[in-house]
Amino acid sequence: MIQTCLNCFLDGEKLEIMNYEGFNPLQRRPPYPAKPAQEVVDTAFTLLREGFGSYDLHSNNCEHFATYCKTGHAISMQVDSLMWMMI
């Protein structure tokens, strides 16, 4: 993880915003309240210093990191959706 400006991160691509209010991935879990922006940033920097575990596509990827920072729950809707399609 690095700290960079938004325009540098986007590199000409379009910004997509995820609304986490009442976050209920795939309607199988209760909604998780979204943390305030500063708490999200503080959580991300804490995890950067202390670690978030080893990267794993299925259980610890960038989406898990982002949802954990925002909601306190490490979830990947992309992985969950794929797993449900395989069942």
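About the cut-offs
- Residues numbered from 1 in each chain as written.
- Predicted model: local features only at pLDDT ≥ 70, side-chain atom pairs only at ≥ 80, totals over all residues.
- Heavy atoms only, no water.
- Phe/Tyr/Trp six-rings, centres within 6.5 Å; stacked < 30°, edge-to-face > 60°.
- Helix = DSSP H or I, 4+ residues; strand = E, 2+ residues; numbered from the N terminus.
- Patch = residues over 30% accessible without salt bridge, like charges linked within 9 Å, V, L, I, M, F, W, Y side chains within 5 Å.
- Areas by Shrake-Rupley, 256 points an atom, 1.4 Å probe, with all protein chains shown as cover.
- Salt bridge = Lys/Arg side-chain N within 4 Å of Asp/Glu carboxyl O.
- Polar contact = N/O pair within 3.5 Å; in protein donor to acceptor, adjacent residues only side chain to side chain.
- Contact = heavy atoms within 4.5 Å.

S.K.: Explanation requested: the packing of aromatic side chains in the structure shown.
M.R.: Note on aromatic pairs: each is described by the distance of the centres and the angle between the planes. Counted by the stated rule, this structure contains two aromatic pairs. Judged by centre distance (5.5 Å) and plane angle (50 degrees), the ring pair of Phe52 and Tyr68 falls under tilted. Here Phe52 is found in the loop between α2 (37–50) and α3 (62–71), whereas its partner Tyr68 is found in helix α3, with 16 residues between them in sequence.

S.K.: Looking at this structure, how should I read a nonpolar patch on the surface?
M.R.: On the surface, a cluster of nonpolar side chains totalling about 470 Å² of accessible area is made up of Leu6, Phe9, Leu15 and Ile17. Inspection of the secondary structure assignment puts Leu15 in the loop between α1 (6–10) and α2.

S.K.: In this structure, what is going on with the side chain of Asn60? I would like to understand it.
M.R.: As for its placement among the helices and strands, Asn60 is situated in the loop between α2 and α3. At a separation of 2.8 Å, a polar atom in the side chain of Asn60 contacts the main-chain carbonyl oxygen of Phe52. Other than its neighbours up to four places away in sequence, Asn60 contacts Phe52, Gly53, Ser54 and Tyr55.

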